[in-house]
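# Examination of the molecular architecture
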Amino acid sequence: MLRPLILATAALLALPAAAHDRPAYTYEAFEVSVPHIDLETCPDGLATGDVFCRVTMNNDALHIHVFETAGDRHFVSVHTYHADEFELLLGR
């Protein structure tokens, strides 16, 4: 009974090492596979360096995706904001 737990734990611990063997996720792959909206600038305090941002909406949340501007435009991070964390202003 303990053996399946040990095997499952070992498999989970191995995931980060296996992730390094995968190719980096780039904007090129994101752009053609994920419906999104281009942002003119990244929201304040969200990203530093030479980056750009895109926004998606899924599961009643906004997701801000950050990518490097230079080179292969690698994925940097994603920030999720649920409905109670943002305010949409209309009619201004």
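Details of the structure are given in the entry above.
Residues numbered from 1 in each chain as written. Predicted model: local features only at pLDDT ≥ 70, side-chain atom pairs only at ≥ 80, totals over all residues. Heavy atoms only, no water.

## Side note on a nonpolar patch on the surface
Operational definition: A patch is a set of surface residues, each over 30% in relative accessible area and not in a salt bridge, joined within 9 Å for like charges and within 5 Å for the nonpolar side chains Val, Leu, Ile, Met, Phe, Trp and Tyr. To measure how exposed things are, a 1.4 Å probe is used in the Shrake-Rupley method; for residues, cover is taken only from the protein chains shown. One side-chain nitrogen of Lys or Arg within 4 Å of one carboxyl oxygen of Asp or Glu is enough to make a salt bridge. Strands are runs of DSSP state E lasting at least two residues, helices are runs of H or I lasting at least four, and both sets are numbered from the N terminus onward. Working definition: with a 1.4 Å probe on protein chains only, accessible area under 20% of the residue-type maximum means buried, over 50% means exposed, and in between means partly exposed.
Judged by side-chain polarity, Tyr25, Phe75 and Val78 come together as a nonpolar surface patch covering roughly 250 Å² of accessible area. Position of valine 78 among the secondary structure elements: in strand E4 (residues 75–82). On the basis of relative accessible area, valine 78 is assigned to the partly exposed category, the value being 40%.

## With respect to the state of the cysteines
How we decide: Only a pair of cysteine sulfur atoms within 2.5 Å counts as a disulfide in this structure description.
Summed over all chains, the structure comprises one disulfide. Put simply, cysteine 42 and cysteine 53 are joined by a disulfide, and their sulfur atoms are 2.0 Å apart. Disulfide cysteine 42 to cysteine 53: torsion about the S-S bond roughly 105°, handedness right-handed. Here cysteine 42, found in the loop between strand E1 (37–38) and strand E2 (51–58), pairs with cysteine 53, found in strand E2; they are 11 residues apart in sequence, far enough to count as distant. Accessibility assignment for this pair places cysteine 42 and cysteine 53 in one class, buried.

## So, the sheet that holds E4
Two pairing modes exist for strands in a sheet, parallel and antiparallel, and in both the strands are linked by backbone hydrogen bonds. What counts, and what does not: At least two bridges found by DSSP between two strands are what make those strands a pair.
Strand order in the open sheet formed by four strands is E1-E2-E3-E4, and the pairing between neighbours is antiparallel. Lying at the two open borders of the sheet, with one neighbouring strand each, are E1 and E4.

## Some remarks on the nonpolar core
Short version of the rule: In this text, buried Ala, Val, Leu, Ile, Met, Phe, Trp, Tyr and Cys residues form a nonpolar core when linked through side-chain atoms within 4.5 Å. Contact criterion: two residues are considered in contact whenever any of their non-hydrogen atoms come within 4.5 Å of each other.
In terms of nonpolar packing, the biggest core is built from seven residues, these being Cys42, Leu46, Val51, Cys53, Val55, Ile64 and Val66. Put simply, the parts of the chain that give this core at least two residues each are E2 and strand E3 (61–68). With three residues, E2 is the single largest residue contributor to this core. Excluding anything up to four places from it in sequence, cysteine 42 contacts Ala47, Val51, Phe52 and Cys53.

## Brief notes about the pattern of salt bridges
Inspection of every chain in the model, using the stated rule, returns one salt bridge. Between aspartate 38 and arginine 54 there is a salt bridge, with the nearest N and O atoms lying 2.9 Å from each other. Taken together, the positions of aspartate 38 in strand E1 and arginine 54 in strand E2 put the pair 16 residues apart, joining distant regions of the chain.

## Considering unusual backbone geometry
Despite not being glycine, aspartate 60 shows a phi value in the positive range, around 55°. One can find aspartate 60 in the loop between E2 and E3. Taking relative accessible area as the criterion, aspartate 60 reaches 62% and is therefore assigned exposed. A positive phi angle is found at arginine 73, which is not glycine, with a value near 55°. Among the structural elements, arginine 73 can be located in the loop between E3 and E4.

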